[in-house]
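If you want the building blocks of each chain, they are given just below.
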Amino acid sequence: MEGFLGFIILGVIIFLIIVFIRCFRIVPQAHVYVIERLGSFKCEWQTGLHILIPFFERIAGKVSLKEKVVDFKPQPVITKDNVTMQIDTVVFYQVTNAKQYIYGVERPLAAIENLSATTLRNIIGEMELDSTLTSRDIINTKITSILDQATDRWGIKVNRVELKNILPPREIQDAMEKQMKAERERREKILQAEGDKKSQILVAEGEKESQILRAQAKKESQILEAEAEKQAMILRADAVKEQKILEATGEAQAIELVQQALAESLVKLSDANPSDKVIQLKSLEAFAKAADGKATKIIIPSEIQGMAGLAAGLKGIIENDSLKS
């Protein structure tokens, strides 16, 4: 009996020790504990060491203040032009009020998922397929704003909502692929046509510049030839001029020498005091030289006529003597 009583006392002591140890609780970083006393909210424990009164207080919830990421499954939505597509979303949220998070909503994640699905259907229902595929940023902004306002009373802050995938029906995807292929082929043809156009323009500009350069070269060549011909003509003219000057100078010098010699001969003749017969003989020689010229008319002085008659008589006598002999 005493042994059984001792065993009970030992068990009670161990139980009290365990209860005493469990009265000390440590709240880790970025966490908040919601404490209830006798079933009603008492306080929020922040990071640190706290003492819990056994049997009267309990931890109603442990809330993490870290930002969480939830990837919801694809939701069927219908666009304004009656195209059904599947869209899955990714929600980034953070708990800002632990009390509201514990007591505000029964299942916070399910509430956020259903709210994001209905909000997404409302937004996509006002848009057509093309604008839906090209307006992800607009859709993300709208759904983030709506969810943030709706979850504020639950102590939740929705930081960001992203559309992870937008999956239109298969026939729409095939049509989009064909359209994309046609658009790429059109752009390729446009680029090829622009390339051909630029190539032809460059070839034409090159030919134009080549013709201009050839014309300029031909012009410069003609100018150089004309300059060379001009210089040659000037040199020839200068040579002819110098030649004529030299010839004229030579003739002038020759005439001067002839006149000088004639004057000297007259001086010598005057100094020699020739007789009339000598003078007449010189006149006859001068007349003979004049007759050898190209003049068609010759005026013969009377003195020379007498001398000519004498010369004719002498010629007749000489010819008679030669006959006789």
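Look above for the structure.
Cut-offs used in this document
- Residues numbered from 1 in each chain as written.
- Predicted model: local features only at pLDDT ≥ 70, side-chain atom pairs only at ≥ 80, totals over all residues.
- Heavy atoms only, no water.
- Helix = DSSP H or I, 4+ residues; strand = E, 2+ residues; numbered from the N terminus.
- Buried < 20%, exposed > 50% of the residue type's maximum accessible area, 1.4 Å probe, protein only.
- Areas by Shrake-Rupley, 256 points an atom, 1.4 Å probe, with all protein chains shown as cover.
- Pairing = 2+ DSSP bridges.
- Axes fitted to C-alpha atoms, helices over the stretch in contact; angles between N-to-C directions.
- Phe/Tyr/Trp six-rings, centres within 6.5 Å; stacked < 30°, edge-to-face > 60°.
- Contact = heavy atoms within 4.5 Å.
- Core = buried A, V, L, I, M, F, W, Y, C linked by side-chain atoms within 4.5 Å.
- Expected span 1.5 Å × (residues − 1).
- Parallel < 35°, antiparallel > 145°, perpendicular 65-115°, else oblique.
- Left-handed = near helix turned anticlockwise from the far one by under 90°.
- Nonpolar A, V, L, I, M, F, W, Y, C, P; charged D, E, K, R; others polar.
- Polar contact = N/O pair within 3.5 Å; in protein donor to acceptor, adjacent residues only side chain to side chain.

Engineer: Any chance you could explain the overall build of the chain here in plain terms?
Structural biologist: Along its length, the chain carries 8 helices and 9 strands. Here the chain holds 325 residues, and the buried ones make up 21% of them. Counting only carbon and sulfur atoms, one obtains 59% of the accessible surface of the chain, whose full area is about 24,200 Å².

Engineer: Which parts of the structure should I look at to understand the sheet that holds strand β5 (residues 57–64)?
Structural biologist: Sheet strands associate in pairs through backbone hydrogen bonding, adopting either a parallel or an antiparallel arrangement. Strand order in the open sheet formed by 3 strands is β3-β2-β5, with antiparallel pairing between adjacent strands. Only two strands of the sheet have a single partner each, and these edge strands are β3 (40–45) and β5. Taking each pair of neighbouring strands and ignoring which way they run, the sheet shows an average axis angle of 25°. As judged from the 7 bridges shared by strand β2 (residues 31–37) and β5, these two strands associate in the antiparallel manner. When the bridges of β5 are listed, V32 appears paired with V63.

Engineer: Looking at this model, I keep getting lost on the packing of aromatic side chains. Mind explaining?
Structural biologist: Aromatic rings in a pair are described by how distant their centres are and how their planes are angled relative to each other. Summed over all chains, the structure comprises 1 aromatic pair. Judged by centre distance (6.2 Å) and plane angle (85°), the ring pair of F41 and Y103 falls under edge-to-face. Taken together, the residues span a long stretch of sequence, with F41 in strand β3 and Y103 in helix α2 (residues 98–104) at a distance of 62 residues.

Engineer: Which parts of the structure should I look at to understand the pairing of β3?
Structural biologist: Both faces of the sheet carry side chains from a regular strand, because those side chains alternate between them. Here β2 runs beside β3; their pairing, made up of 5 bridges, is antiparallel. Counterpart to I35 in the pairing with β3 is C43.

Engineer: Where do I start with the environment of I124 in this structure?
Structural biologist: Locating I124 in the fold gives a position in helix α3 (residues 108–125). Overall, the relative accessible area of 0% leaves I124 in the buried class. Each residue touching I124, except ones within four places of it in the same chain, is listed here: V77, I78, T79, K80, I87, T132 and I139.

Engineer: I keep staring at the nonpolar core and nothing clicks. Help me out?
Structural biologist: Considering soluble globular proteins, one finds that nonpolar side chains tend to be buried as a cluster. In this structure, I87, V91, L120 and I139 are the most contacted members of the largest nonpolar core, which totals 33 residues. Counting residues per element, the ones that place at least two in this core are β2, β8 (84–95), α2, α3, α5 (136–150) and β9 (156–167). Among the elements that take part in this core, α3 stands out by supplying 6 residues, more than any other. Those residues in contact with V91, other than ones at most four positions away along the chain, are K68, V69, V70, F72, I112, V158, R160 and V161.

Engineer: What's the story with the environment of P108 in this structure? I'm lost.
Structural biologist: Locating P108 in the fold gives a position in helix α3. Taking the C-alpha atoms as reference points, P108 and T151, separated by 43 residues in sequence, lie 9.0 Å from one another. Not counting chain neighbours up to four residues away, the residues in contact with P108 comprise Y101 and I156.

Engineer: Explain α5 here, please?
Structural biologist: Three or four residues apart is the spacing at which side chains of an α-helix point the same way, because the helix has 3.6 residues per turn. The terminal C-alpha atoms of α5, which comprises 15 residues, lie 21 Å apart, in line with the 21 Å expected from a rise of 1.5 Å per residue. Against the buried residues of α5 lie α3, α4 (129–134) and β9.

Engineer: Would you mind showing me how to read the environment of L49 here?
Structural biologist: In this structure, L49 sits in strand β4 (residues 48–51). Residue class for L49 comes out exposed when judged on its relative accessible area of 60%. With 24 residues separating them along the chain, L49 and R25 place their C-alpha atoms 5.8 Å apart. Every residue in contact with L49, bar those within four places of it in the chain, is listed here: F24, R25 and I26.

Engineer: Whenever I open this one, the packing of α3 against α5 confuses me. Can you help?
Structural biologist: Two quantities define a packed helix pair, namely the angle between the helix axes and the distance between the axes. With their axes 10 Å apart at the nearest point, α3 and α5 run at an angle of 140° to one another. In terms of axis orientation, α3 runs oblique to α5. Considering only the axes of α3 and α5, their crossing is right-handed. Between α3, through L115, S116, T119, L120, I123 and I124, and α5, the contact on the second element is made entirely by I139, K142, I143, I146, L147 and A150. Residue composition of the contact of α3 with α5, grouped by class: 9 nonpolar, 2 polar and 1 charged.

Engineer: What is the right way to read the side chain of H50 from this model?
Structural biologist: By the secondary structure assignment, H50 is in strand β4. A polar contact of 2.9 Å, which involves the side chain of H50, links it to the backbone oxygen of Q46. With residues up to four places along the chain from it excluded, the contact list for H50 reads C23, F24, R25, V27 and W45.

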